[in-house]
Amino acid sequence: MSAGPPGTGWFPTSPCGRACLPVPAPDAGLARAGRLLRTAVRLGALAVTLLLGAVLALAAPVLGPRRVGRLQAGWSGLLLAAAGVRVVVTGPRPGPGSLVVANHVSWLDVLALNRVVDLRLLAKTEVRDWPLIGPMAAQAGTVFLARERLRALPEAVATVAGVLREGGCVGVFAEGTTRCGRDLGGFRPAALQAALDADAPVVPVALSYADTVGAPDAAAAFVGDDSLLASLVRVAAARRTVLTVRVLPVQVPVRVAGAPARSRCAVARRVAAAIAAALPAADADVRPRPAVHAAPVAVVAADVGLAEVGRVA
């Protein structure tokens with residue numbers, strides 16, 4: 001979701017809002033009854049799974065990061081199933097010490113990545129205060145970044161680099177905010193500096209959502225002033241949501257022709273291009289295209305230099 005004061009390099013904004021969300025088709029009779037029953041059953045399953053998450057969150061402090069990570073992966077899979085989301089994974093699982101970089105559409109993205117690979121996420125500090133998810137994320141080793149404090153960025157990058165050197169995987173949503181899935185936002189290169197510092201592989205992951213017949217679908221998108229409750233109900237009401245997780249080959253070796261790569265912007269461009277190429281083609285999307293998506297978007301945003309960050313008040 002879009003956040004943060006305008007005009008700062010670290011706070012990305014998304015053009016997506018309610019106009020990007022699908023308009024529910026009118027229904028009546030058996031179709032309406034089926035939708036209401038489907039929604040109620042899934043919301044009930046989600047409530048039970050969230051209660052299980054509460055138990056896990058209470059036990060997290062005594063379990064340790066590794067066990068919490070495994071339990072979080074299982075719990076994420078249960079939440080996705082309870083919501084009626086089918087996850088299709090293609091490509092090899094990221095290897096140890098990989099920086100996993102994905103596009104960002106929904107809060108479901110986090111669950112999907114946790115289900116695919118045991119990783120720590122780079123997340124905004126607000127996530128720490130989310131019910132259930134926040135405590136588990138903290139215990140699983142999530143790297144929290146105070147986005148309103150640009151001075152905190154170098155420390156977060158150093159922390160991520162340390163995790164990568166120790167063989168842990170870290171997940172980053174390089175767009176910095178969610179979009180409806182019609183196109184990519186600008187990729188923030190700063191977090192990719194951690195892979196350069198740690199001499200770690202970068203693994204692009206393309207996330208896309210479709211309905212039960214395989215057509216692109218924005219029902220799961222979490223954009224604009226959308227609330228988490230409204231998003232939950234919308235996902236639960238859908239006949240079926242298919243989330244495809246395309247784990248791509250390592251497109252950006254940190255070492256190029258035997259020499260260390262120097263530019264995080266170059267890394268960001270190659271990652272963004274790989275993800276864009278793996279997503280469904282724009283002409284395959286028959287949904288009405290809001291005006292905010294009429295113009296192409298650059299895949300790499302202006303960089304915020306780490307040296308400059310330290311001087312920002």
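Source: prediction; values computed, not measured.

Reading the values: rules and limits
Residues numbered from 1 in each chain as written. Predicted model: local features only at pLDDT ≥ 70, side-chain atom pairs only at ≥ 80, totals over all residues. Heavy atoms only, no water. Helix = DSSP H or I, 4+ residues; strand = E, 2+ residues; numbered from the N terminus. Buried < 20%, exposed > 50% of the residue type's maximum accessible area, 1.4 Å probe, protein only. Contact = heavy atoms within 4.5 Å. Areas by Shrake-Rupley, 256 points an atom, 1.4 Å probe, with all protein chains shown as cover. pLDDT = per-residue confidence, 0-100. Core = buried A, V, L, I, M, F, W, Y, C linked by side-chain atoms within 4.5 Å. Disulfide = S-S within 2.5 Å. Expected span 1.5 Å × (residues − 1). Arc of directions from axis to C-beta. Axes fitted to C-alpha atoms, helices over the stretch in contact; angles between N-to-C directions. Parallel < 35°, antiparallel > 145°, perpendicular 65-115°, else oblique. Left-handed = near helix turned anticlockwise from the far one by under 90°. Nonpolar A, V, L, I, M, F, W, Y, C, P; charged D, E, K, R; others polar. Pairing = 2+ DSSP bridges. Salt bridge = Lys/Arg side-chain N within 4 Å of Asp/Glu carboxyl O.

Chemist: Sorry, what's going on with the overall build of the protein chain here?
Modeler: In terms of helices and strands, the protein chain carries nine helices and nine strands. Among the 313 residues that make up the protein chain, the fraction classed as buried is 50%. Of the contacts formed within the protein chain by residues at least 6 apart in sequence, a portion of 81% connects residues at least 24 apart. Counting every atom, the protein chain has about 14,400 Å² of accessible surface; 62% of that belongs to carbon and sulfur.

Chemist: Please clarify how the side chain of Thr241 should be interpreted in this entry.
Modeler: Looking at the secondary structure, you find Thr241 in strand 7 (residues 241-247). For Thr241, a relative accessible area of 2% corresponds to the buried category. With residues near it in sequence (within four places) discarded, Thr241 still touches Gly84, Val85, Arg86, Tyr209 and Ala210.

Chemist: I would appreciate a short explanation of the confidence of the model for the protein chain in the present structure.
Modeler: Do not read the fine detail of predicted coordinates wherever pLDDT is low. Chain-level statistics for the protein chain give a pLDDT mean of 81 and a share of 77% at 70 or above. Between residues 1-9, whose pLDDT stays under 50, and residues either more than four places distant or in other chains, the model counts 18 contacts. Note on residues 305-313: pLDDT under 50 across the span, and 16 contacts to partners over four residues away in sequence or across chains.

Chemist: What is the right way to read helix 3 (residues 108-116) from this model?
Modeler: The α-helix advances 3.6 residues per turn, and as a result positions three or four apart in sequence lie on the same side. Counting buried residues along helix 3, seven of its nine residues qualify, which places the element largely inside the surrounding structure. Residues of helix 3 that are buried: Leu108, Asp109, Leu111, Ala112, Leu113, Asn114 and Val116.

Chemist: Whenever I open this one, the nonpolar core confuses me. Can you help?
Modeler: In globular proteins that are soluble, nonpolar side chains generally tend to be buried together. Counting residues in hydrophobic clusters, the biggest one holds 41 residues, and the most contacted among them are Val85, Leu108, Val205 and Val245. Looking at this core, the element that brings in the most residues is helix 3, giving five residues. Those residues in contact with Val85 that lie beyond four places of it in its chain are Leu80, Leu108, Val235, Arg240, Thr241 and Leu243.

Chemist: Would you mind going over the state of the cysteines with me for this structure?
Modeler: A covalent bond between the sulfur atoms of two cysteines is referred to as a disulfide. On inspection of all chains with the given rule, the structure shows zero disulfides. The closest cysteine sulfur to the non-disulfide-bonded Cys180 is located on Cys16, 3.8 Å from its own sulfur.

Chemist: In this structure, what is going on with helix 5 (residues 153-165)? I would like to understand it.
Modeler: If you check helix 5, its first and last C-alpha atoms are 18 Å apart, about what 13 residues at 1.5 Å a residue would give, namely 18 Å. Within helix 5, burial applies to Leu153, Ala156, Val157, Val160, Ala161, Val163 and Leu164. With its buried residues spanning 160° around the axis, helix 5 presents them on a single face. Exposed side of helix 5, more than 90 degrees from the buried face: Glu155 and Arg165 are the residues found there. A positive phi of about 95° marks Gly167, the residue just after helix 5.

Chemist: Honestly, the packing of helix 1 (residues 29-63) against helix 7 (residues 228-237) in this entry has me stumped. Any pointers?
Modeler: Pairs of packed helices are described in terms of their axes, by the angle between the two and the distance that separates them. Two elements in contact, helix 1 and helix 7, have axes separated by 8 Å at closest approach and are oriented at 125°. Of the possible angle classes, the one that applies to helix 1 and helix 7 is oblique. Note that helix 1 runs across helix 7; the crossing there is right-handed. Seen from helix 1, the contacting residues are Arg35, Arg38, Thr39, Arg42, Leu43 and Leu46; seen from helix 7, they are Leu232, Val233, Val235, Ala236 and Ala237. Of the residues in the contact of helix 1 with helix 7, the class split is seven nonpolar, one polar and three charged.

Chemist: In this structure, what is going on with the pairing of strand 7? I would like to understand it.
Modeler: Note on strand geometry: in a regular strand, side chains alternate between the two faces of the sheet. Most of strand 7 is tucked away, with six of its seven residues classed as buried. In terms of strand pairing, strand 1 (residues 85-90) meets strand 7 through six bridges, oriented parallel. By the bridge assignment for strand 7, Arg86 is matched with Val242. In this sheet, strand 7 lies alongside strand 6 (residues 202-210) in antiparallel orientation, the contact comprising six bridges. Opposite Ala210, over in strand 7, you have Val242 as the bridge partner.

Chemist: Any chance you could explain the pattern of salt bridges here in plain terms?
Modeler: Oppositely charged side chains are able to pair whenever their charged atoms sit close together. Throughout the structure, instances matching the rule amount to four salt bridges. Here Arg179 makes a salt bridge to Asp183, at a shortest N to O gap of 2.8 Å. On the basis of relative accessible area, Arg179 is assigned to the buried category, the value being 5%. For Asp183, a relative accessible area of 16% gives the class buried.

Chemist: It is not clear to me how unusual backbone geometry should be interpreted in this structure. Could you clarify?
Modeler: For residues besides glycine, phi is generally negative; the peptide bonds are generally trans as well. With a phi close to 55°, Asp199 is a non-glycine residue in the positive phi region. Structurally, Asp199 can be placed in the loop between helix 6 (193-198) and strand 6.

Chemist: Explanation requested: the environment of Tyr209 in the structure shown.
Modeler: Residue position: Tyr209 is located in strand 6. Under the relative-accessibility criterion, Tyr209 is labelled buried at 7%. Note: C-alpha distance between Tyr209 and Pro280 (71 residues apart in sequence) is 9.6 Å. Not counting the four nearest positions on each side in its chain, Tyr209 is found in contact with Val105, Ser106, Leu108, Asp109, Ala215, Pro216, Asp217, Ala220, Thr241, Val242 and Leu243.

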